[in-house]
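Structural features, examined
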Amino acid sequence: MDTVGTAGFRGEVGSEQWAPAARVRDMGTSIFTEMTELARRTGAVNLGQGVPELPAPPALLQDVADAVRSGNNQYPPAAGFPALREAIAAHQLRRYGLDYAPTGEVLVTTGATEALAAALLALCDPGDEVIAFDPCYDAYAADARLAGARVVGVPLVLDGDGFVLDADALRAAVTPRTRVLLLNSPHNPTGKVFTPEELAAVADVCREHALTVVTDEVYEHLVFEDGARHVPIATLPGMRERTLIVSSAGKTFNVTGWKIGWVCGPAPLVAAVGSAKQFLTYASGTPYQEALARALGSVEEWAAGVRDTLRANRDVLSAGLAGAGLHPFRADAGYFLQADVRPWGYDSGIDFCRELPRRAGVVAIPTSAFYLTPGAPAWLVRFSICKREDSIRKAVEQLAAAR
Ligand code: PMP
Ligand code: GLN
């Protein structure tokens, strides 16, 4: 199996006892690797990992090829190519009215993944606490742990057809050790977009307790439900000065393998992230950075088409899951939607996902992999919608037949 991760190894290496360092000891193999491998082995439709089957903009691909051939394949500047930093700053100003200086307030990273890891390494001392809304992207807890910090989950509450903020629970979770609040909107794994009222409530808590906010906005362009809108929390009063925005080209342009991400924020915070980042990768992705500097200038035209595809897929898959007797929840944005699998007799999403390839030829991901707190609903399962229409339709047909 094509795995990465220690999976808790302790034992002999050669003739000596060996164990990995405590910070990685029980990290194991990521659920995404495991489920993609399961899809490969069984030939099932892979609605697990959020890996797009959708095309990238042809002009962007041509620009990367040209950049590679032109011979500019050496290290870019550690902060990222000036043209890309300028394009990112222009994007933030054009879309959100957020003004960042391309030099000092914008940093290009190796995907949002490196940005998040470097941010927590830069912001947390050992023993500090990081608040994240639960469920959340699995890297958050791992990154906090690498930084010696502890992640504290604040459950999003299942209310009717969607997930909502419990502002009282958020307040109750803050302690004198809380340093950072991690906010992901649009949200993986639920497809939730935080409402203006929820953002205002989160901002109140952050200002009151002087928390630094790290926002993961990688799905910022993929809000496909009318009436929902992406609002960076940094645009709220008193928030720009305490917020680091993280985003990435991967989801917007369907190029998740390129790993070009970025951070925007006040200069001292960005400099701290840069201190950690330069010793993680230093810099990466020269030809991709060059090409993306151009593509970001007209991202709105491109993203409209991606949103149409995701909306159509959401509609087909939601209707298909309901038709197969499962219970889908509302998803307004991003790559994923949630379903309750109890109507098929499963209390455990893990059992459901283990049996689904054989039963229906579909791979999905148990949402329990994204929950930090015990007692979370075990019967939720995440399905990806960033796939070709024929993959979604095939999955729907097979789910109906397997009912
Ligand atoms: N944050 C979230 C919420 C994600 O879903 C992903 C996608 N894997 C990432 C961060 C990582 O982004 P990137 O691929 O740019 O590292
Ligand atoms: N963001 C993607 C997901 O949630 C996968 C990221 C990964 O494989 N690490 O499915």
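What counts and what doesn't
Residues numbered from 1 in each chain as written. Chains lettered and ligands numbered in written order. Predicted model: local features only at pLDDT ≥ 70, side-chain atom pairs only at ≥ 80, totals over all residues. Heavy atoms only, no water. Pairing = 2+ DSSP bridges. Helix = DSSP H or I, 4+ residues; strand = E, 2+ residues; numbered from the N terminus. Axes fitted to C-alpha atoms, helices over the stretch in contact; angles between N-to-C directions. Near = heavy atom within 4 Å. Polar contact = N/O pair within 3.5 Å; in protein donor to acceptor, adjacent residues only side chain to side chain. Areas by Shrake-Rupley, 256 points an atom, 1.4 Å probe, with all protein chains shown as cover. Nonpolar A, V, L, I, M, F, W, Y, C, P; charged D, E, K, R; others polar. Core = buried A, V, L, I, M, F, W, Y, C linked by side-chain atoms within 4.5 Å. Buried < 20%, exposed > 50% of the residue type's maximum accessible area, 1.4 Å probe, protein only. Contact = heavy atoms within 4.5 Å. Right-handed = clockwise from strand over helix to strand, strands pointing away. Phe/Tyr/Trp six-rings, centres within 6.5 Å; stacked < 30°, edge-to-face > 60°. Lys NZ or Arg CZ within 6 Å of the ring centre and 35° of its normal. Expected span 1.5 Å × (residues − 1).

We now examine the sheet that holds strand β12 (residues 260-264). Pairing in this open sheet of 7 strands is mixed, and the strands run β4-β12-β11-β10-β9-β5-β6 from one edge to the other. A strand with exactly one partner marks an edge of an open sheet, and here the two such strands are β4 (106-110) and β6 (150-155). Neighbour to neighbour, the strand axes of the sheet diverge by 25 degrees on average, direction disregarded. Where strand β10 (residues 212-216) lies against strand β11 (residues 243-248), 4 bridges are found, and the strand directions are parallel. Bridging from a neighbouring strand, Val214 pairs with Leu244 of β11.

What follows concerns the site of ligand 1. As a structural note, the neighbourhood of ligand 1 is formed by Gly111, Ala112, Thr113, Tyr137, Asn184, Asn188, Asp216, Val218, Tyr219, Ser248, Lys251 and Lys259. In the environment of ligand 1, a nitrogen atom lies 2.5 Å from a nitrogen or oxygen atom belonging to the side chain of Asp216. Contact distances for ligand 1 include 2.6 Å between an oxygen atom and a side-chain N or O atom of Tyr219. Coverage of ligand 1 by the protein chains reaches 93% of its 400 Å² of free accessible surface. With 3 residues, the top contributor of residues to the shell around ligand 1 is helix α4 (residues 111-123). Each residue belonging to the shell around ligand 1 can be placed in one class, and the counts come to 4 nonpolar, 5 polar and 3 charged.

What follows is about the nonpolar core. A general trend in soluble globular proteins is that nonpolar side chains are found buried together. Among the nonpolar cores identified, the biggest contains 73 residues, and Val130, Leu310, Leu317, Trp344, Phe352, Leu356 and Phe383 are the most heavily contacted of them. The contact partners of Val130, leaving out residues within four places of it in the chain, are Leu120, Cys124, Ala144, Ala149, Arg150, Val151, Val152, Val180 and Leu182. Counting residues in each nonpolar core, the second largest holds 28 residues, with Ala56, Tyr100, Trp262 and Leu292 among its members.

A few words on the pairing of strand β5 (residues 129-134). Along β5, 6 of the 6 residues are buried, which leaves the element largely enclosed by surrounding structure. Sheet topology note: the β5/β6 ladder contains 6 bridges and is parallel. What sits directly across from Asp134, in β6, is Pro155. What joins β5 to β6 is helix α5 (residues 139-146), and the crossover it makes is right-handed.

By the element assignment, Asn313 lies in helix α10 (residues 299-323). Taking the relative accessible area as the measure of exposure, Asn313 reaches 2% and is therefore buried.

Take the packing of aromatic side chains next. One pass over the full model with this rule turns up 12 aromatic pairs. Taken together, a centroid distance of 5.3 Å and an interplanar angle of 90 degrees make the contact between Tyr346 and Phe352 edge-to-face. When its relative accessible area of 10% is taken as the criterion, Tyr346 is described as buried. Within the aromatic cluster, the residues linked to one another by ring pairs are Phe32, Tyr137, Tyr140 and Phe370. The side chain of Lys192 reaches across the aromatic face of Phe194, ending 4.7 Å from its centre. A cation over a ring is seen here: Arg382 above Phe336, with NZ or CZ 3.5 Å from the ring centre.

Before going further, it helps to spend a moment on the site of ligand 2. Lining the immediate environment of ligand 2, one finds Phe32, Gln49, Gly50, Tyr137, Asn188, Lys251, Phe336 and Arg382. Backbone polar atom of Gly50 to an oxygen atom of ligand 2: 2.7 Å apart, as the coordinates give it. The separation between an oxygen atom of ligand 2 and a polar side-chain atom of Arg382 is 2.6 Å. Bound to the protein, ligand 2 loses 80% of the 300 Å² it would expose on its own. Here the residues of the shell around ligand 2 sort into 3 nonpolar, 3 polar and 2 charged.

Hydrogen bonding along the main chain pairs the strands of a sheet, whether they run parallel or antiparallel. Strands sit in the order β13-β14-β17-β16 across an open sheet of 4 strands; the sheet is antiparallel. A strand with exactly one partner marks an edge of an open sheet, and here the two such strands are β13 (327-328) and β16 (365-366). Relative to strand β17 (residues 380-384), β16 runs antiparallel, the two sharing 2 bridges. Looking at the pairing, Pro366 lines up with Val381 of β17. Sitting on the sheet, α10 is in contact with β13, β14 (336-340) and β17, with an inclination near 10 degrees to β14.

On to α10, then. Over its 25 residues, α10 extends 36 Å from the first C-alpha to the last, a length consistent with the 36 Å expected when each residue adds 1.5 Å. Buried residues of α10: Val299, Ala303, Val306, Leu310, Asn313, Arg314, Val316, Leu317, Ser318, Gly320 and Leu321, and no others.

We now examine unusual backbone geometry. The omega angle of the peptide bond from Asp134 to Pro135 is 10 degrees, so this bond is cis rather than trans. Positionally, Pro135 belongs in the loop between β5 and α5. Despite not being glycine, Asn254 has its phi angle at roughly 55 degrees, a positive value. Looking at the element boundaries, Asn254 is found in the loop between β11 and β12. Of note, the phi angle at Lys259 is positive, near 60 degrees, even though the residue is not glycine. Position of Lys259 relative to the elements: it lies in the loop between β11 and β12. Exposure remark for Lys259: the relative accessible area of 37% places this residue in the partly exposed category.

That's the geometry; what it means functionally is another story.
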